[in-house]
Amino acid sequence: MDKRKRNLAVGFTAAVAGSLLIMGSILLQTQLYPQVSHFLSSINLGKISGEWDSGAVLMYAGDIQPDSWTVRCRKAGWFKKHAALTFMGEQSLLVEAACSEGGDLRLYVYQQDGEEQSWDISALDGPLTIPLTEFTPGRLKLRLETDGAEDIEAVFSLQPNL
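Source: prediction; values computed, not measured.

Glancing now at the pattern of salt bridges. By the definition in use, this model includes three salt bridges. Here Asp151 ties to Arg74 by a salt bridge, and the two come within 2.6 Å at their closest N and O atoms. Residue Asp151 is found in strand 9 (residues 150–160), and its partner Arg74 is found in strand 3 (residues 68–87); the two are separated by 77 residues along the sequence. You can call Asp151 partly exposed: its relative accessible area is 39%. Note that Glu116 and Arg143 form a salt bridge whose closest N and O atoms lie 3.0 Å from each other. Placement of the pair is Glu116 in the loop between strand 5 (104–110) and strand 6 (117–120) and Arg143 in strand 8 (residues 138–147), with a sequence separation of 27 residues. On the basis of relative accessibility, which here comes to 37%, the residue Glu116 falls in the partly exposed class. By relative accessible area, Arg143 is classed as buried at 12%. Several salt bridges converge on common partners, so that one network encompasses Glu116, Arg143 and Glu145.

Cut-offs used in this document
- Residues numbered from 1 in each chain as written.
- Predicted model: local features only at pLDDT ≥ 70, side-chain atom pairs only at ≥ 80, totals over all residues.
- Heavy atoms only, no water.
- Salt bridge = Lys/Arg side-chain N within 4 Å of Asp/Glu carboxyl O.
- Helix = DSSP H or I, 4+ residues; strand = E, 2+ residues; numbered from the N terminus.
- Buried < 20%, exposed > 50% of the residue type's maximum accessible area, 1.4 Å probe, protein only.

Written as structure tokens, this is what we have:
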């Protein structure tokens with residue numbers, strides 16, 4: 001076998017093996033997440049402190065700082081994103097969020113062993129200030145879930161109580 005044919009055979013074998021790995025990964029993920037089994041434009045999985053981000057997202061950009069979380073994405077079928085902020089106590093959560101009409105955008109706030117609170121932030125008229133009086137200083141977890149929202153821009157930041 002000449003060198004050219006051997007290179008083609010190796011390249012073809014690598015392409016088939018890579019395709020099988022990708023298909024197997026998607027199959028595993030859809031078994032773990034049955035709600036994601038429909039056609040996905042992309043699969044975005046990332047683990048933050050024992051919780052998985054998942055769903056179909058197109059053009060996602062995010063930034064997590066100790067006291068703020070910024071989320072921007074162009075289009076999302078269904079997705080769930082997590083972030084953890086450092087809550088010092090005597091603070092409120094300022095939420096500035098916007099998305100196109102027709103989709104749901106929901107924020108969940110909770111701590112490790114605490115009760116979860118949630119807010120529909122799909123159609124905010126302006127910034128929403130959430131008092132965090134029921135939470136103790138430490139790690140504050142946020143989860144953003146959407147179903148069909150597009151053009152999402154959201155900033156979640158901890159602000160001192162006035």
